[in-house]
Amino acid sequence: MNGAVDIDLDRADLTFAASGDALVSRTVLPSGVRVLSERVPGVRSATIGFWVDVGSRDETGPVPGPSGRAASFGSTHFLEHLLFKGTAERTAFDIAIAFDAVGGEHNAITSKEQTCYYAKVQDRDLAMATEVLADMVTSSVLHVVDFENERGVILEELAMAEDDPADAVNERFFAAALGTHPIARPIGGSPETIGAATRDAVWQHYRASYRPQNLVVTAAGAVDHARLVADVERSLTAGGWPMGVPAAPARRRGTDEADLHGTARLVASRRRIEQVHVVIGTQGVRASDRSRVVMSVVDSVLGGGMSSRLFQEVRERRGLAYSVYSFTAGYSDTGVFGMYAACSPQKTRQVAEIMLDELRRLAADGITRDELARAVGQLSGASALALEDSDTRMTRLGRSELSTGEFVDLDETLRRLALVTAEDVRRLAADLASRPMTIAAVGAVDDDVFSGLM
């Protein structure tokens, strides 16, 4: 494959070769369901995912909105749990047995913009995985008893995350940096919104969101595309979906950059724990932004590994923290960039100063030739190694279809990385450093520790 391949929503069929002798195929069914596969030579397993284009950002309040798609905060994640609890044809135990009996793996993830139910199995069991996942997506019953039981499970999950200061500071950073933007909200909701959720509201959210136009099925590994398409269509039809009713796929989310107002710049939550967990960051780049490859290099140089500037300065040279790194996340209309560290309370100010100083030094002075080569090598190797796993390939297909609108194979990824220059990195770092910074902290710390830093 030479260059990225655009994925046109209005084109029903698409087939092309990708790096490593892989074959990528895409079919849009008349109902609007999209099926994508990547056949990889020499493997005996496959990973399949059923992607629903709804995430936590699509929730707007405690009751369904006028569109019928919105629901109480946390309902999308709540629903993800419930779809494993049984259908008209299968109990929760039946679903578990189906995968355990063949040594398969199955799970799901709710993100801020999508939900994915996935399974990894031997090639001979792919039809079974397709059938079971389709049954879950189309025909879950959401029994009242299961709903109440799972409410308790989710409340425990939220409590576990809040007890983890690294998770807690991350949630506070998103809320402070992104303000009223829906991406700022926690994916799982809050104890208050989960406690107030009703089975009827979640059911309405399910019926409104889980429909052919919003579904993308992706599979990678030992996959025969024509057979996969037939299995998907048959299984969804068996689940009662109107596969014979013509419909266009749902349009992708808008990519105009969000204008963020009303964001907090400092949020410190005092706790009696041994360390202070700190995140310092700002608005990053969107998932579809072409500068995202430059952002990956900025992230690698600044805090992406043991040779990164933050790791070397904070941990190796000064011994101020065990854990220190940087991170990025991109969404359709916004993104975040941040730096994280955990240290003793008396070192908090010094660590925060170093993190900001390293970003500003990167913005002012740029990077060396060796740093650029090392970052490109690290990212190139990581990209190649990740694609040894069919899970990564399946996920790449889903994000290509739903988020970026283009498929980028390994050769194109390496080509784009090789084009990044030291000046590209300095310019993006300068842009990041010029933006309003947000500091979130959890631990034995007060606001005045960070006085004058921003």
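Here the structure is shown first, and the text comes after it.
Calculation rules
- Residues numbered from 1 in each chain as written.
- Predicted model: local features only at pLDDT ≥ 70, side-chain atom pairs only at ≥ 80, totals over all residues.
- Heavy atoms only, no water.
- Pairing = 2+ DSSP bridges.
- Helix = DSSP H or I, 4+ residues; strand = E, 2+ residues; numbered from the N terminus.
- Axes fitted to C-alpha atoms, helices over the stretch in contact; angles between N-to-C directions.
- Buried < 20%, exposed > 50% of the residue type's maximum accessible area, 1.4 Å probe, protein only.
- Lys, Arg positive; Asp, Glu negative; His and termini not counted.
- Salt bridge = Lys/Arg side-chain N within 4 Å of Asp/Glu carboxyl O.
- Contact = heavy atoms within 4.5 Å.
- Phe/Tyr/Trp six-rings, centres within 6.5 Å; stacked < 30°, edge-to-face > 60°.
- Parallel < 35°, antiparallel > 145°, perpendicular 65-115°, else oblique.
- Nonpolar A, V, L, I, M, F, W, Y, C, P; charged D, E, K, R; others polar.

1. A short note on the sheet that holds strand E4 (residues 34-39)
- Spatial strand order, E2-E3-E4-E8-E5-E7-E6: seven strands in an open sheet with mixed pairing. Here the strands that pair on one side only, and so sit at the sheet edges, are strand E2 (13-18) and strand E6 (105-110). Each strand of the sheet is rotated relative to its neighbour by a mean of 10°, with strand direction disregarded.
- Relative to strand E3 (residues 22-28), E2 is paired through six bridges, and the arrangement is antiparallel.

2. Quick word on the side chain of Glu80
- Inspection of the secondary structure assignment puts Glu80 in helix H1 (residues 75-82).
- Within the buried set, Glu80 has no salt-bridge partner at all; the shortest N-O distance to an opposite charge, 10 Å, is to Lys85.
- Each residue touching Glu80, except ones within four places of it in the same chain, is listed here: Ala108, Ile109, Thr110, Thr115 and Tyr117.

3. Some details on the sheet that holds strand E10 (residues 276-283)
- If you walk across this open sheet you meet the five strands as E9-E14-E10-E12-E11, and the pairing is mixed. The sheet is open, and its two borders are formed by strand E9 (266-270) and strand E11 (323-330), each paired with just one other strand. Each strand axis lies, on average, 15° off the axis of its neighbour in the sheet, ignoring direction.
- On top of the sheet, helix H11 (residues 348-365) reaches E10 and strand E12 (335-343); it is set at about 145° to E12, its chief contact.

4. What to know about the packing of aromatic side chains
- Taken as a whole, this structure holds nine aromatic pairs when the rule is applied.
- Consider the rings of Phe173 and Phe327, whose centres lie 6.1 Å apart with planes at 85°: the pair is edge-to-face. Pair noted here: Phe173 is in helix H5 (residues 165-178) and Phe327 is in strand E11, with a separation of 154 residues, a long-range link. In terms of burial, Phe173 and Phe327 fall into one category: buried.

5. Let's talk about unusual backbone geometry
- We note that Asp21 has phi near 65°; this positive angle belongs to a residue other than glycine.
- On the secondary structure map, Asp21 appears in the loop between E2 and E3.
- Assessed through its relative accessible area of 69%, Asp21 is described here as exposed.
- Here the phi dihedral of Leu142 falls at roughly 55°; this positive angle occurs in a residue that is not glycine.

6. As for the packing of helix H9 (residues 292-303) against helix H15 (residues 422-434)
- Running from N to C, H9 and H15 cross one another at 85°; their axes reach a closest spacing of 9 Å. Classified by the angle between their axes, H9 and H15 sit roughly perpendicular to one another. Here Val294, Met295, Val297 and Val298 of H9 come into contact with H15, specifically with Asp424, Val425, Leu428 and Leu432.
- Here the residues of the contact of H9 with H15 sort into seven nonpolar, no polar and one charged.

7. Things to note about the pairing of E6
- Pairing of E6 with strand E7 (residues 115-122) involves six bridges; the strand directions are antiparallel. Its bridge partner being in E7, His106 is matched across the sheet by Ala119.

8. Quick word on the environment of Cys116
- Note that Cys116 resides in strand E7.
- For Cys116, the contacting residues outside a window of four places in its chain are Gly49, Phe50, Trp51, Asn107, Ala108, Ile109 and Met394.

9. With respect to helix H10 (residues 309-317)
- Those residues of H10 that fall on the buried side of the exposure criterion are Arg309, Leu310, Phe311, Glu313 and Val314.
- Contacts made by the buried residues of H10 are with H9, E11, E12, H11 and helix H12 (369-386).
- Following H10 by one or two positions, Gly319 has its phi on the positive side, about 60°.

10. Observations concerning the pattern of salt bridges
- As enumerated under the stated definition, the model contains 37 salt bridges in all.
- Notably, a salt bridge pairs Glu353 with Arg349, separated by 3.0 Å at the nearest N-O pair. You can see Glu353 and its partner Arg349 sitting in helix H11, four residues apart, about one turn around the helix.
- Linked by salt bridges that have partners in common, Arg292, Glu406, Glu412, Arg415 and Arg416 make up one network.

11. Some points on H1
- Burial analysis of H1 places eight of its eight residues in the buried class, the great majority of the element.
- Within the span of H1, buried status applies to Ser75, Thr76, His77, Phe78, Leu79, Glu80, His81 and Leu82.
- In this fold, the buried residues of H1 make contact with E6, E7, helix H4 (144-163), helix H6 (191-196) and helix H7 (199-209).

12. Focus: the side chain of Thr76
- Along the chain, the position of Thr76 falls in helix H1.
- Exposure remark for Thr76: the relative accessible area of 1% places this residue in the buried category.
- Leaving out residues up to four positions away in the same chain, Thr76 has contacts with Val54, Gly55, Ser56, Glu59, Thr110, Thr115 and His205.

13. As for the pairing of E12
- Summarising burial for E12: nine of the nine residues are buried, a large majority.
- Because side chains alternate across E12, one face comprises the buried residues Gly335, Phe337, Met339, Ala341 and Cys343, and the other comprises Val336, Gly338, Tyr340 and Ala342, equally buried.
- Bridge count for E10 against E12 is eight bridges, and the pairing is antiparallel. Bridge pairing links Ile280 to Met339 in E12.
- Of the pairings in the sheet, the one linking E11 to E12 comprises eight bridges and is antiparallel in character. Each residue of the ladder has a partner; that of Ala329, found in E12, is Val336.
- With antiparallel pairing between neighbouring strands as the criterion, E11 and E12 make up a hairpin whose turn holds four residues.

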